Amino acid sequence: MKKFLLLAPLLLIAGCTGGEPLHQFAFNETLDPQTTTLIVEKGEKLSFWNSLNVAYRLPATLDFYITIKIENEPLIEIVCDALNPTLTFMSSTTEREDYVEKSWKTARMKCEFGPIKEKKKVTITSAPKVSGTGTVQVKQLILELKN
């Protein structure tokens, strides 16, 4: 009985943090684009999650520009707002006038792709981009693909 009680919260947390992790892009200060190739099964969707620790002066934005190339299909482009997710876990936000610090262990972003019509090889490129006249300091930035 005690084992079940300990496992139940872990299963609940795992269910809330999306599907199975497929790939993780870890970016450094230069925010250079990164690419991976995956096999995505028929009916699967890709959800996009991030982990971050950033500080910025407004006005500034931080987005992931994601391109998806599926064999024999046109290129698909998706933009995900890294700073305004739908759901965060273990998060912290500090705001003072035009200065903001944000960090979280994991967060689901407001973007997804799919479902895939049939099993395909998919090439995914992600490039974080800072916009606005403010400044952004990236201490940690990770994009995770989940199904």
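Shown above is the structure to which this text applies.
To keep things clear, this report deals only with the structure shown in the data block. (Residues numbered from 1 in each chain as written. Predicted model: local features only at pLDDT ≥ 70, side-chain atom pairs only at ≥ 80, totals over all residues. Heavy atoms only, no water.)

**A closer look at the state of the cysteines**
Here's step 1: For the structure on display, the rule yields one disulfide.
Here's step 2: Across the disulfide from Cys80 sits Cys111; the S-S distance is 1.8 Å. For the disulfide bridge between Cys80 and Cys111, the dihedral angle about the S-S bond is near 115°, and by the sign convention the bridge is right-handed. Residue Cys80 is located in strand β5 (residues 76–81), and its partner Cys111 is located in strand β7 (residues 99–113); the two are separated by 31 residues in the primary sequence. An identical accessibility class is assigned to Cys80 and Cys111; each is buried. (Disulfide = S-S within 2.5 Å. Helix = DSSP H or I, 4+ residues; strand = E, 2+ residues; numbered from the N terminus. Buried < 20%, exposed > 50% of the residue type's maximum accessible area, 1.4 Å probe, protein only.)

**Brief notes about the pattern of salt bridges**
Here's step 1: Inspection of the entire model under this criterion finds six salt bridges.
Here's step 2: A salt bridge links Arg108 to Glu112; the shortest N-O distance between them is 3.2 Å.
Here's step 3: Arg108 gets classed as partly exposed once you look at its relative accessible area, which sits at 26%.
Here's step 4: Taking the relative accessible area as the measure of exposure, Glu112 reaches 38% and is therefore partly exposed.
Here's step 5: Several salt bridges converge on common partners, so that one network encompasses Lys45, Arg108 and Glu112. (Salt bridge = Lys/Arg side-chain N within 4 Å of Asp/Glu carboxyl O.)

**What about the side chain of Ser51?**
Here's step 1: Here Ser51 shows up in strand β3 (residues 46–57).
Here's step 2: Within the structure, the side chain of Ser51 is placed 2.4 Å from the backbone oxygen of Lys105, a separation counted as a polar contact.
Here's step 3: Discounting residues that sit within four places of it in the chain, Ser51 has contacts with Trp104, Lys105, Thr106, Gln140, Leu141 and Ile142. (Polar contact = N/O pair within 3.5 Å; in protein donor to acceptor, adjacent residues only side chain to side chain. Contact = heavy atoms within 4.5 Å.)

**Observations regarding the sheet that holds strand β1 (residues 21–27)**
Here's step 1: Taken in spatial order, the five strands line up as β1-β9-β3-β7-β6 in an open sheet, and their pairing is antiparallel. Each edge of the sheet is formed by a strand with only one pairing partner; in this case those strands are β1 and β6 (87–96). Each adjacent strand pair in this sheet contributes to an overall mean axis angle of 20°, direction not counted.
Here's step 2: As judged from the ten bridges shared by β3 and strand β9 (residues 136–146), these two strands associate in the antiparallel manner. (Pairing = 2+ DSSP bridges. Axes fitted to C-alpha atoms, helices over the stretch in contact; angles between N-to-C directions.)

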